[in-house]
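The residues making up each chain are set out below.
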Amino acid sequence: RLTREEYLASGRDLLGREAPPDIELEVDPIVDGYKNNANALSVSTRFAGQLQKAGETLATPGLAQFPRYSGCDASAVADETCVQKFIQNFGARAFRRPVTPDETAGYLDVYRAGVLDDNAAGGVRLVVQTLLQSPYLLYRSELGKALPGEPSATVRLSGYELASELSYSLWGTPPDDSLL
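Residues numbered from 1 in each chain as written. Predicted model: local features only at pLDDT ≥ 70, side-chain atom pairs only at ≥ 80, totals over all residues. Heavy atoms only, no water.

The helix and strand tally for the chain stands at 8 helices and 2 strands. The secondary structure elements of the chain, listed N-terminal to C-terminal, are α-α-α-α-α-α-α-β-β-α. Here the chain holds 180 residues, and the buried ones make up 41% of them. Surface accessibility of the chain: about 9700 Å² in total, with carbon and sulfur atoms responsible for 52%. (Helix = DSSP H or I, 4+ residues; strand = E, 2+ residues; numbered from the N terminus. Buried < 20%, exposed > 50% of the residue type's maximum accessible area, 1.4 Å probe, protein only. Areas by Shrake-Rupley, 256 points an atom, 1.4 Å probe, with all protein chains shown as cover.)

What follows is the structure, given as structure tokens:
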């Protein structure tokens, strides 16, 4: 799982601004001098609630990023073609890999569920809130694929996995556009 600092850095990179000071995430345990011990970074009920609150808090700044990720005007939040582009581009940055067609369709359903009383902005906010709580954002899974003819422990990381591994290991942030 991303550490507290990595999650906040990911939010900063996605939203183009620092997280508001009222984002509360529990402090990561230190094991053998490290904050990123995979066995210690579980998601407790408390932490899940904090992630939900963080997603709610960051959803409005996320809505402000609609033009950046959709390539459409801010007033186009009711245009599902623009919303689909937003989901694909914002999601790709959040997940550190392209969003699959099935994932895009699922997030379009989230958008539609969030459009209440013809308020399309509410749908985009719900998409941002959901993406910021997704396991694909929260967990780094640089697992690679087994190489044929090699021992089962030998894997090759995809370009996206390698970019994510390098960026978080060196800088504690998600990979930027050029590294991706």
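From this point, the discussion proceeds with the structure in view.
Let's shift gears to the state of the cysteines. Summed over the entire model, instances satisfying the criterion amount to 1 disulfide. There is a disulfide in this structure between C72 and C82, and the S-S distance comes to 2.0 Å. Handedness of the C72-C82 disulfide follows from its S-S torsion of about -85°: it is left-handed. Taken together, the residues C72 in the loop between helix 3 (66-70) and helix 4 (80-95) and C82 in helix 4 connect sequence positions 10 residues apart. The buried category is assigned to C72, whose relative accessible area is 13%. By relative accessible area, C82 is classed as buried at 6%. (Disulfide = S-S within 2.5 Å.)

The subject of this paragraph is unusual backbone geometry. Look at R96: it is not a glycine, yet its phi comes out positive at around 65°. With respect to the secondary-structure elements, R96 resides in the loop between helix 4 and helix 5 (101-114). Given a relative accessible area of 4%, R96 falls into the buried group.

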